[in-house]
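A structural walkthrough
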Amino acid sequence: MGESSVIGASTVVSGHVRGEGSLEILGRIEGDVTVTGEVVVGASGRVRGTVSGTQLTISGQVQGDLRGSEVVLIERGGRVAGDIASPRIGIAPGAFVRGHVQTDGEAALPAASASATNAQRRPTIARVAPAPLPASLLKAPHKAEPRKLEPMRAANPAPAEAEAPRAAKPEPRRPPPPVIPVLGKGIKAKKKKGRE
């Protein structure tokens with residue numbers, strides 16, 4: 001591979017793809033993909049195997065593990081069924097990921113041990129953690145004495161009896177009024193026979 005290679009939409013590759021530079025996948029690959037640069041799986045791209053590179057951008061479907069040495073981005077409409085390992089991972093709304101997600105600069109598993117641990121591990125749904133709060137919000141508030149709240153007073157003082165709270169008596173629940181059907185002029189109602 002040279003600087004950048006493209007696998008076209010009508011191309012099907014059966015076997016492993018390895019090389020230097022970047023790769024854009026618009027067709028289908030049945031095997032592992034390992035490159036030294038960026039890997040882009042387009043919306044029409046399908047990969048069945050492990051994908052490794054510096055930056056992985058997934059808009060299509062990948063059935064296998066993703067290993068990015070810098071970042072893995074799953075865009076809207078992207079579908080991944082496999083484990084993801086990278087220092088940074090981004091999952092857009094509308095993307096689907098089923099597998100184990102490993103971040104924080106942890107070393108990616110080698111291909112041989114990853115396939116062995118996949119059989120033991122149950123798939124999980126990835127959840128993206130919220131962004132950390134800015135430092136300005138994390139400062140301790142200044143120490144101030146608590147203020148005492150005084151009750152509001154009306155402009156015209158009322159007698160002491162009016163200030164005392166009244167105990168509210170709950171009203172008894174009443175059933176709704178019965179609904180009586182209205183018959184048109186000249187129509188007779190039929191009497192229902194009771195069961196005996």
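Going by the structure above, here's the rest.
Predicted model only: the values in this text are computed from it and were never measured.

Further remarks concern the overall build of the chain. Along the chain, the regular secondary structure elements total 3 helices and 16 strands. Burial statistics for the chain: of 196 residues in total, 24% are counted as buried. Considering only intrachain contacts with a sequence separation of at least 6, the fraction spanning at least 24 residues in the chain is 8%. On the chain, roughly 15,700 Å² of surface is accessible, and the fraction owed to carbon and sulfur atoms is 55%.

Where strand 9 (residues 51-58) lies against strand 11 (residues 66-74), 7 bridges are found, and the strand directions are parallel. Along strand 11, the bridge assignment pairs Thr-57 with Leu-73. As paired elements, strand 11 and strand 13 (residues 84-85) share 2 bridges and run parallel to each other. Directly across from Arg-67, in strand 13, lies its bridge partner Ala-85.

Now for the environment of Gly-15. Here Gly-15 shows up in the loop between strand 2 (12-14) and strand 3 (17-19). Classification of Gly-15 as partly exposed rests on a relative accessible area of 25%. Along the sequence, Gly-15 and Gly-49 sit 34 residues apart, while their C-alpha atoms lie 9.5 Å from each other. With residues up to four places along the chain from it excluded, the contact list for Gly-15 reads Ile-29, Glu-30, Gly-31 and Asp-32.

The 6 strands lie next to each other as 2-5-8-10-12-15, forming an open sheet whose pairing is parallel. Since the sheet does not close on itself, it has two edges, and those belong to strand 2 and strand 15 (96-98), each with one partner. On average, each strand axis in the sheet is tilted by 5° relative to the strand beside it, whichever way the strands run.

In this section: the environment of Glu-38. Of note, Glu-38 is situated in the loop between strand 6 (33-35) and strand 7 (39-41). Excluding anything up to four places from it in sequence, Glu-38 contacts Gly-21, Ser-22, Leu-23, Thr-54, Gln-55 and Thr-57.

Here we take up the pattern of salt bridges. The final tally for this structure, using the stated rule, is 2 salt bridges. Two residues, Glu-30 and Arg-28, come together in a salt bridge whose shortest N-O distance is 3.5 Å. Classification of Arg-28 by relative accessible area gives partly exposed; the value is 40%. With a closest N to O distance of 3.6 Å, Arg-67 and Asp-65 form a salt bridge.

On to the side chain of Ser-59, then. In this structure, Ser-59 sits in the loop between strand 9 and strand 10 (61-63). Here Ser-59 falls in the buried class, since its relative accessible area comes to 17%. Here Glu-75 takes part through its side chain, which lies 2.8 Å from a polar atom of the side chain of Ser-59. If near-sequence neighbours (up to four positions away) are discounted, Ser-59 is found in contact with Val-41, Gly-42, Ala-43, Glu-75, Gly-77 and Gly-78.

With that settled, consider the nonpolar core. Within soluble globular proteins, side chains that are nonpolar generally end up buried alongside one another. Of all hydrophobic cores here, the largest spans 20 residues; its most connected members are Ile-25, Val-33, Val-51, Leu-66 and Ile-74. Those elements that provide at least two residues to this core are strand 4 (22-25), strand 6, strand 7, strand 9 and strand 11. Non-local contacts of Val-51, meaning those with residues more than four positions away in its chain, are made with Val-33, Val-39, Leu-56, Val-62, Asp-65, Leu-66 and Arg-67.

Moving on to the environment of Val-62. Position of Val-62 relative to the elements: it lies in strand 10. Here Val-62 falls in the buried class, since its relative accessible area comes to 3%. Expressed as a C-alpha distance, the spacing of Val-62 and Val-41, which sit 21 residues apart in the sequence, is 8.3 Å. Those residues in contact with Val-62 that sit more than four places away from it in its chain are Val-41, Val-47, Gly-49, Val-51, Arg-79, Val-80 and Ala-81.

How each quantity is defined
- Residues numbered from 1 in each chain as written.
- Predicted model: local features only at pLDDT ≥ 70, side-chain atom pairs only at ≥ 80, totals over all residues.
- Heavy atoms only, no water.
- Helix = DSSP H or I, 4+ residues; strand = E, 2+ residues; numbered from the N terminus.
- Buried < 20%, exposed > 50% of the residue type's maximum accessible area, 1.4 Å probe, protein only.
- Contact = heavy atoms within 4.5 Å.
- Areas by Shrake-Rupley, 256 points an atom, 1.4 Å probe, with all protein chains shown as cover.
- Pairing = 2+ DSSP bridges.
- Axes fitted to C-alpha atoms, helices over the stretch in contact; angles between N-to-C directions.
- Salt bridge = Lys/Arg side-chain N within 4 Å of Asp/Glu carboxyl O.
- Polar contact = N/O pair within 3.5 Å; in protein donor to acceptor, adjacent residues only side chain to side chain.
- Core = buried A, V, L, I, M, F, W, Y, C linked by side-chain atoms within 4.5 Å.

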